[in-house]
Amino acid sequence: MQEENPFKKIAHPPQETPSDFKVKVMAEIARMKLFQEMAGLFMFNYPKAAKTFFEKKKKS
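The text that follows walks through the structure, step by step, so that each part is easy to find. Everything numeric here is computed off the predicted structure, so don't read it as measured data.

Looking now at the overall build of the chain. Across its full length, the chain holds one helix and zero strands. Scaling as 2.2 N^0.38, a compact globule of 60 residues should have a C-alpha radius of gyration of about 10 Å, whereas the chain reaches 25 Å, well beyond that. On the principal axes, the C-alpha backbone points of the chain span a range of 80 × 40 × 10 Å. For the chain, the exposed area adds up to about 6,900 Å²; of that, 64% sits on carbon and sulfur atoms. One finds the centroid of the 12 positive side-chain charges in the chain at a distance of 20 Å from the centroid of its 7 negative side-chain charges.

Printed below as a string of structure tokens:
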């Protein structure tokens, strides 16, 4: 006996997403991508900066 999948009923019939919701979602995605890129740049440069900060400078 096969049971009916309740998830197939969720979006039927398909409906158009409101445009204001689409704009909000895309803005949130852009914001998260910006934070991700900024964090990536910081984490990429942080170890090198910390290393140079804590290294003892050689005297000539």
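Opposite charge on two side chains allows them to pair when their charged atoms are near. What the rule picks out here adds up to two salt bridges. Here K22 ties to E16 by a salt bridge, and the two come within 2.8 Å at their closest N and O atoms. For the salt bridge of R31 with E28, the shortest nitrogen-to-oxygen distance reads 2.6 Å. In this pair, R31 and E28 are both assigned in helix α1 (residues 19-54), three residues apart and thus about one turn of the helix distant. Judged by its relative accessible area of 41%, R31 is partly exposed.

On the surface, a nonpolar cluster with roughly 370 Å² of combined accessible area is contributed by F21, V25, M26 and I29. The topology assignment puts F21 in helix α1. Take F21: its relative accessible area is 48%, and that puts it in the partly exposed class.

Scoring rules and cut-offs
- Residues numbered from 1 in each chain as written.
- Predicted model: local features only at pLDDT ≥ 70, side-chain atom pairs only at ≥ 80, totals over all residues.
- Heavy atoms only, no water.
- Helix = DSSP H or I, 4+ residues; strand = E, 2+ residues; numbered from the N terminus.
- Rg over C-alpha atoms; globule rule 2.2 N^0.38 Å.
- Areas by Shrake-Rupley, 256 points an atom, 1.4 Å probe, with all protein chains shown as cover.
- Lys, Arg positive; Asp, Glu negative; His and termini not counted.
- Charge placed at Lys NZ, Arg CZ, Asp CG, Glu CD.
- Salt bridge = Lys/Arg side-chain N within 4 Å of Asp/Glu carboxyl O.
- Buried < 20%, exposed > 50% of the residue type's maximum accessible area, 1.4 Å probe, protein only.
- Patch = residues over 30% accessible without salt bridge, like charges linked within 9 Å, V, L, I, M, F, W, Y side chains within 5 Å.

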